[in-house]
Every structure is written in structure tokens, then in C-alpha cells.
Amino acid sequence: MSWREHDVATSHFVASSDEPGLELHLRAHADDPSRPPVLMVHGATFASRLYDIPHPGASWLRATARAGFAAYALDIRGYGLSRSAAMERATAPYAPAGSAIRDIDDAVTWICARHGVDAVRLIGGSWGSITTALYTATIGARRVTRLVLYAPIFAERNADWLDLLADPDSPGRLNPGFGPARLVTEAATRARWDAEMPAGAAWRDEEVFQALVQSSLADDPASGEHDPPAFRAPNGTFLDLWEAFQARPVYDPGAIRCPTLLIRGGADPTSTRSDALGLFDRLGAADRHYVEIANAAHFASAERRAPQVFMAVEGFLSAPDR
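What you see is a predicted model, and the numbers here were worked out from it, not measured in a lab.

Engineer: Got a minute to help me understand the sheet that holds strand β1 (residues 10–15) in this structure?
Structural biologist: A sheet is described by the order of its strands in space; here eight strands give the open sequence β1-β2-β4-β3-β5-β6-β11-β12, paired in mixed fashion. Among the strands making up the open sheet, the edge pair consists of β1 and β12 (288–293). When the angles between neighbouring strand axes are averaged without regard to direction, this sheet yields 20°. Bridge count for strand β3 (residues 37–41) against strand β5 (residues 120–125) is four bridges, and the pairing is parallel.

See below:
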């Protein structure tokens, strides 16, 4: 069965208040205005597809909808179906966290108006943990009731990532050769994912992997122009990751006061235990939780341990406010 037969989400497009002509894409399941809304924000590579993999049992959005919520996932500008003319004209890395929080705010404003509420439950993964935490610590402080930071990245030196991001001629600075966006292929995705799992670990299902990659390629109309096919992902994220992996915080966790959950795969080399616990200790939230999923890596929500991720987050989102 093709992944397309499982691609049943509703799409909404929200006008950007920050970039003229940009229409931000929201993917949704069970978006009845009477349901309490949850918004998910993706990381540096995959757009909202990561949360709505079109394969039976693999969609976090559908699992959240089954738990009684209206489930939304945002494509930050330049990602997925939030295609940007400005990115096509840009020469520098496009869409860093400072821009992403404007997109999050536009999505939250639209969702709150649709549901007649003042605030939402918010989930951010990987680089999305930086953008959602920055949003909650600043302009969105009153608009988030519960915050989930999945595969969180905060401020810890990570030599492997710095080697990937550094200027080969001057390792103390970010590579100036990064343009507005990069191309992501199936082979590169497989190699990165495999490198983050122990040798021989069967933590990933190939059909789920293919559904994620092929649907992501289909979302970029220019993907077939490359050999091999590749979808574009903005490079603005590298500006934020460079700071985080140099142990320089992008946001103040002490300003986050709402109930917060940190959840990560136990073998994740990008979101490390020491970095996550360091963030946990610095959060301003009195109600905060840390969950680690064994036998899971950075993309835990798309691996065989995904149901444990879904259940842990569902329990947190459904908990009564004190």
C-alpha cells in the first residue's frame, strides 16, 4: 500500500505577519474547534511530516488526535509546504530561530482564534525545542499552557556537530559557505540516522523510513530536479545549533514557567543526557519532568519505540493543571 493512501491530514494555510506573501502551512488531525489544541514544531531537517508519517501507527499527530486533542503541526518558513519566495532570493542561511518564533506566533494566534482559547499546548523537537523554548521564554510566555521539549538541545559543547558545522579553514567559526538552504537525500538521511544508532540495532522500520522520506520529497516540487532526488531544508538552523553546541544558550530557561516535559531517546548523541538534565535544572517551571526512552535515538518518535514517546507525552498533555 502506498504512503499516499495514509496521507489524510487536513491542510490549513496561515498568512505570515512577518514575511509578505508567505503562507505558513499547518497539518492537522481532528481539528474540531471544540477540542483543546496542541501544536507541534519540527526540527532542522524534516518538516511537519516527521510528526505525521503516512504509515499505520507512525503518525504522532494521529495519536494525539486519538487522545482527544486537535492536533496541528507547523511547517516553519522554507520547510515542507511553507514555501518561501524570500528563501529563493536569499544568500545567507535562511530562517533562524528569531524568524521561526514569528511563524510559531502566527500559528498560535490562528489556532487560538479558531478554538476560542488564549493559549495552546506546545511541542518542539530537536532544533524545534530551541524555537519553542525561545518562544515560550519570550513573546509566547502567556500563550503556552504546557511545553514539551522532545530531543531537546540546549547548551553543551558537542564536538561531532561542531566538526560538521565549522569552517574547515578556521574551526572556531561557522562555515561561511552555508547558503540559504541545503539538499537532503534519502541516502544522507539513512547514513545520519544509522550513525546515531548502535551497530546492528534494529530500532527503525524500513517502511516507516520510506514513508517519511518519500512524502518529504513529494512536498518539495523541485525535488525531482536533482539526481538523486532531494528536498530543501533551510540552513538558518545552523546559526542556532552552532551557538548551542558551543555551550552558548540561545534562550533563558529560567523564563519558562509553564509545566514542562523533556523527553529524549536514551542513545541520542545530539540531544545528550547531560545537556537535557542541565536544561532541566535551569528551567523556571516548578512543574517539570524528564523522561528517557531506552533503545531509541534522535528520531525516537519515528522508531520502533515511538508508542512509548506518544504515551508519555499524551499523559503529560492530559494532566490537570495545578
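After presenting the structure, the write-up continues.
Engineer: So what exactly am I meant to see when it comes to the pairing of strand β2 (residues 23–29) here?
Structural biologist: The two faces of the sheet receive side chains in turn, since in a regular strand these alternate between them. Extensive coverage of β2 is indicated by the burial of six of its seven residues. Where β2 and strand β4 (residues 70–75) come together, five bridges link them in antiparallel fashion. Each residue of the ladder has a partner; that of A28, found in β4, is Y72.

Engineer: Please explain the pairing of strand β8 (residues 170–174) as it appears in this structure.
Structural biologist: Across two bridges, the pairing between strand β7 (residues 166–167) and β8 is antiparallel. Note on β8: the bridge partner recorded for D167 is S170. In this structure, the hairpin formed by β7 and β8 is closed by a connection of two residues.

Engineer: Before we go on, may I ask you to explain the nonpolar core in this structure?
Structural biologist: Residues L39 and L165 are the most contacted members of the largest nonpolar core, which totals 75 residues. For this core, the element with the most residues is helix α3 (residues 97–115), which contributes eight residues. Contact partners of L39, with chain neighbours within four places excluded, come to L26, Y72, A73, L74, I104, A107, V108, I111, R121, L122 and I123. Among the nonpolar cores identified, the runner-up in size contains 25 residues, and W60, F69, Y150 and V309 belong to it.

Engineer: I keep staring at the pattern of salt bridges and nothing clicks. Help me out?
Structural biologist: Think of it this way: side chains of opposite charge can pair up when their charged atoms draw near. Counted according to the given criterion, the structure contains 20 salt bridges. Between R304 and D205 there is a salt bridge, and its shortest N-O distance comes to 3.8 Å. Of this pair, R304 sits in the loop between β12 and α10 (306–318) while D205 is found in the loop between α6 (186–195) and α7 (206–219), placing the two residues 99 residues apart along the sequence. Salt bridges sharing partners connect three or more residues here, namely D7, R27, R49 and D219.

Parameters and conventions
Residues numbered from 1 in each chain as written. Predicted model: local features only at pLDDT ≥ 70, side-chain atom pairs only at ≥ 80, totals over all residues. Heavy atoms only, no water. Pairing = 2+ DSSP bridges. Helix = DSSP H or I, 4+ residues; strand = E, 2+ residues; numbered from the N terminus. Axes fitted to C-alpha atoms, helices over the stretch in contact; angles between N-to-C directions. Buried < 20%, exposed > 50% of the residue type's maximum accessible area, 1.4 Å probe, protein only. Core = buried A, V, L, I, M, F, W, Y, C linked by side-chain atoms within 4.5 Å. Contact = heavy atoms within 4.5 Å. Salt bridge = Lys/Arg side-chain N within 4 Å of Asp/Glu carboxyl O.

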